[in-house]
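What follows is each chain in one-letter form.
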Amino acid sequence: MEKIQLNISDVLATVSRADIEALAPEAAKSLAKLTDHSGLGNDFLGWVKLPTSTDEKLLNDIEATAKALREDCEYVVAIGIGGSYLGAKAVIEALGNSFAAYLPGAPKVLFAGQNIGEDYLYELQQLLKGRKFGIIVISKSGTTTEPAIAFRLLKEQLEQQAGKDEARKRIVAITDAKRGALRTLATSEGYKTFVIEDNVGGRFSVLTPVGLLPIAVAGYDIKALVEGAREMEKATLSGKDMSAVTYAMTRNALYRAGKKIEILVNYNPKLHFFGEWWKQLYGESEGKDHKGIFPAAVDNSTDLHSMGQWIQDGERTIFETVISVAEQKYEVRIPSDDDNLDGLNYIAGKRVDEVNKMAELGTKLAHVDGGVPNMQLVVPALTENALGQMIYFFEAACGVSGYLLEVNPFNQPGVEAYKKNMFALLEKPGYEAETAAIKQRLEK
Ligand code: PA5
């Protein structure tokens, strides 16, 4: 299987090879910390050797569970937020048909619990009315508000529609081995469960059952996905492939040169949610201690008609990492037209992807000329294997990059602040003092 490839030559007008190489000793130490566990957050390094340590038995169990859900259900709702949502969503979108929702056939994987949108939940309930559906409820902590609300609503609906016994068979819970409300509920109801290991943080959990079960239900080959990650794990940890480390070094060299924002760019709409997954991975891992590259993402060429102006001409604090997909699945050629009223005959006969690639190249040249350094990650094609490689590449680079930045890449203390205020405002038992304080603040 072809490998993904990193190209950094278009950053060299901003940072030199020497600037990047200056970080090599520190980067080597950072990579070593991921395996010798001597760095910050070392109790959350279960993802580092996860691909090679995932056994066939677990993958077979996930596949069998997915098959049963596929056979039994017209819709399967994956409930989760953050790391318990974005990985599965990213892979399913990247591999799937753009119009899967409108096609007959395989069961549709829907998502809930990733927001608190009342209309979203109402419309989902309406869609599921009278339909055969199942639920995969995913929460590592088992206490997160957004998925808990969605699960309470959909569990009630499923029990009403199918009866409690049948509902039990169509609910799978993925959570901590022992702790949390979801574990307690799953045990008391007798749901099929999968475990998220303690040492794998949410945003690094896509290659655990958290991501693998919804991906398998959607009909994709999770063994090939894990195999792609395995290849990248072996190559990265053995030093045979230094691209993840080079990416981490380059983005840190750019950051130190004043480039504070990284934009992950794609030219394939199927990668929109890969950008969302990447934003969470890097945002939650690096944005702390008042430091960190701000991760943004654009979908081109769509966003060239909106954000393109800012990127070309706005503040010069940005750099781009472009995911370039070499081969498309299908071939569409632009037809010739006798009247040529739209003036497009100069590209008649060309594949749509040739035009897309010229948009990509033209944009890169313009952005580099405009002072926006560019990295490029060339992906042979959107396959399970390539996505597995990409996931491990970005995870490993994130660990190295976080250590280069001298933060703990594996905690997320900042996400608690909004929760404390929300619980105080909702008058959650145990938050009486915070409720009184926040009311006083709002009355001022
Ligand atoms: O990366 C993280 O840890 C978070 O984004 C979590 O995945 C997210 O908050 C959901 O948490 P949980 O799975 O505990 O419901």
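Please refer to the structure placed before this passage.
Residue indices follow the written sequence of each chain, beginning from 1 at its first position. At least 70 in pLDDT is required for a residue's local features to be given in this predicted model, at least 80 for side-chain atom pairs to be given and counted, and no such filter applies to totals for whole chains, interfaces and linings, which use all residues. The basis for every side-chain value is the complete set of non-hydrogen atoms in the structure, without hydrogens or water.

Chemist: Just give me the short version of the pattern of salt bridges, but keep the residues and values in it.
Modeler: A side-chain nitrogen of Lys or Arg and a carboxyl oxygen of Asp or Glu constitute a salt bridge if their distance falls within 4 Å. Going through the model one piece at a time under the given rule, you end up with 28 salt bridges. Here Glu-189 ties to Lys-155 by a salt bridge, and the two come within 3.5 Å at their closest N and O atoms. Residue Glu-189 is located in helix 9 (residues 181–189), and its partner Lys-155 is located in helix 7 (residues 145–162); the two are separated by 34 residues in the primary sequence. In this structure, Glu-189 and Lys-155 share a single accessibility class: buried. A salt bridge links Lys-439 to Glu-427, with the shortest nitrogen-to-oxygen separation between them at 2.9 Å. Placement of the pair is Lys-439 in helix 18 (residues 432–443) and Glu-427 in the loop between helix 17 (416–425) and helix 18, with a sequence separation of 12 residues. By relative accessible area, Lys-439 is classed as partly exposed at 40%. Here the term buried applies to any residue with accessible area under 20% of the maximum for its type, exposed to any over 50%, and partly exposed to those in between, with areas from a 1.4 Å probe on protein chains only. A relative accessible area of 48% means that Glu-427 is categorised as partly exposed. In this structure, a network of salt bridges that share partners links the residues Lys-155, Glu-159, Lys-164, Asp-165, Arg-168 and Glu-189. Helix numbers and strand numbers start at the N terminus; a helix is a DSSP run of H or I with at least 4 residues, a strand a run of E with at least 2.

Chemist: An account of the site of the ligand is requested, with residue identities and associated values reported.
Modeler: With respect to spatial proximity, 13 residues lie near the ligand, and among them Ser-84, Ser-139, Ser-141, Thr-144 and Gln-280 are the closest. Polar contacts, as counted here, are pairs of nitrogen or oxygen atoms within 3.5 Å of one another; within protein the pair requires one atom able to donate a hydrogen and one able to accept it, and residues that are adjacent in sequence qualify only if both atoms are side-chain atoms. Within the side chain of Gln-280, an N or O atom sits 2.6 Å from an oxygen atom of the ligand. One of the side-chain nitrogen or oxygen atoms of Glu-284 is found 2.8 Å away from an oxygen atom of the ligand. Put simply, the grid is 1 Å and covers the protein atoms alone, a cavity is a trapped set of points that fit a 1.4 Å probe, a pocket is an open set with protein on both sides within 12 Å along at least five of seven lines, and lining residues have an atom within 4 Å of a point. By definition, a pocket or cavity contains a molecule when more than half of the molecule's atoms lie within 2 Å of the pocket's grid points. Counting atoms within 2 Å of the grid points, the majority share of the ligand lands in the largest pocket. Residue classes follow a fixed rule: Ala, Val, Leu, Ile, Met, Phe, Trp, Tyr, Cys and Pro count as nonpolar, while Asp, Glu, Lys and Arg count as charged, and any other residue, Gly among them, counts as polar. In terms of residue class, the shell around the ligand is built from one nonpolar, nine polar and three charged. One heavy atom within 4 Å of a molecule or strand makes the whole residue count as near it.

Chemist: Any details on a nonpolar patch on the surface? Residues and values, ideally.
Modeler: Candidates for patches are residues over 30% relative accessible area with no salt bridge; among them, like charges are joined within 9 Å and nonpolar side chains (Val, Leu, Ile, Met, Phe, Trp, Tyr) within 5 Å. Note on areas: Shrake-Rupley, 1.4 Å probe, and residue coverage restricted to the protein chains presented here. On the surface, Phe-99, Tyr-102 and Leu-103 cluster together into a nonpolar patch covering about 390 Å² of accessible area. Of note, Leu-103 is situated in the loop between helix 5 (86–95) and strand 3 (108–112). The exposure class of Leu-103 is partly exposed, given its relative accessible area of 37%.

Chemist: So what's going on with the pairing of strand 6 (residues 192–195)? Residues and values would help.
Modeler: Any two strands are treated as partners once DSSP identifies two or more bridges connecting them. When strand 5 (residues 171–175) meets strand 6, the two strands line up parallel, connected through four bridges. Paired with Ile-174 across the strands is Phe-194, a residue of strand 6. The crossover handedness rule: strands pointing away from the viewer, path from first strand over the helix to second strand clockwise, crossover right-handed. Once the chain exits strand 5 it traverses helix 9 before rejoining the sheet at strand 6, and the crossover so formed is right-handed.

Chemist: An account of the sheet that holds strand 3 is needed here, citing residue identities and associated values.
Modeler: The strand order across the open sheet built from five strands is 3-2-4-5-6, with neighbouring strands paired in parallel fashion. Pairing within the sheet leaves two strands with one partner each, and these edge strands are strand 3 and strand 6. Taken over all neighbouring pairs, the strand axes of this sheet differ in orientation by 20° on average, direction set aside. Bridge count between strand 2 (residues 75–79) and strand 3: five bridges; the pairing is parallel. If you follow Tyr-75 over to strand 3, its bridge partner there is Lys-108. Its contacts with the sheet put helix 6 (residues 118–128) on strand 2, strand 3 and strand 4 (133–139), and the angle it makes with strand 3 is roughly 150°. Angles run from 0 to 180 degrees between N-to-C directions of axes, and those axes are lines fitted to C-alpha atoms, restricted for helices to the stretch in contact. Note on contacts: a residue pair is in contact if any heavy atoms of the two residues lie within 4.5 Å.

Chemist: Give a description of the layout of surface pockets that names residues and reports values.
Modeler: Grid points are joined across faces, edges and corners, and a volume is the space filled by probe spheres set on the points. Roughly 930 Å³ of internal volume is contained in the largest pocket. Lining the largest pocket we find 33 residues, and of these Thr-144, Glu-284, Gln-412, Val-415 and Lys-419 sit closest to its centre. Elements represented by at least two residues in the lining of the largest pocket include exactly strand 4, helix 7, helix 13 (272–286) and helix 17. Of the residues in the lining of the largest pocket, the class split is 10 nonpolar, 14 polar and nine charged.

Chemist: Go over the sheet that holds strand 8 (residues 294–299) with me, naming the residues and quoting the values.
Modeler: What the five strands build is an open sheet, ordered 1-10-9-7-8; its pairing is mixed. Edge strands, defined here as strands with exactly one partner in the open sheet, are strand 1 (5–7) and strand 8. Within this sheet the neighbouring strands show an average axis-to-axis angle of 20°, counted without direction. Pairing between strand 9 (residues 318–327) and strand 10 (residues 374–381): seven bridges, direction parallel. Opposite Thr-321, over in strand 10, you have Met-375 as the bridge partner. Contacting strand 1, strand 7 (261–266), strand 9 and strand 10, helix 12 (residues 243–256) crosses the sheet at an angle of about 155° to strand 10. Across the sheet, helix 15 (residues 352–369) touches strand 9 and strand 10, and the angle it forms with strand 9 is around 160°.

Chemist: Tell me what's going on with the pairing of strand 5, and back it up with residues and numbers.
Modeler: The side chains of a regular strand alternate between both faces of the sheet. Across the five residues that make up strand 5, a large majority, five, are buried. Burial along strand 5 is two-sided: the face carrying Ile-171, Ala-173 and Thr-175 and the face carrying Val-172 and Ile-174 are both buried. Bridge count between strand 4 and strand 5: five bridges; the pairing is parallel. Among the inter-strand pairings, Val-137 is bridged to a residue of strand 5, identified as Ala-173.

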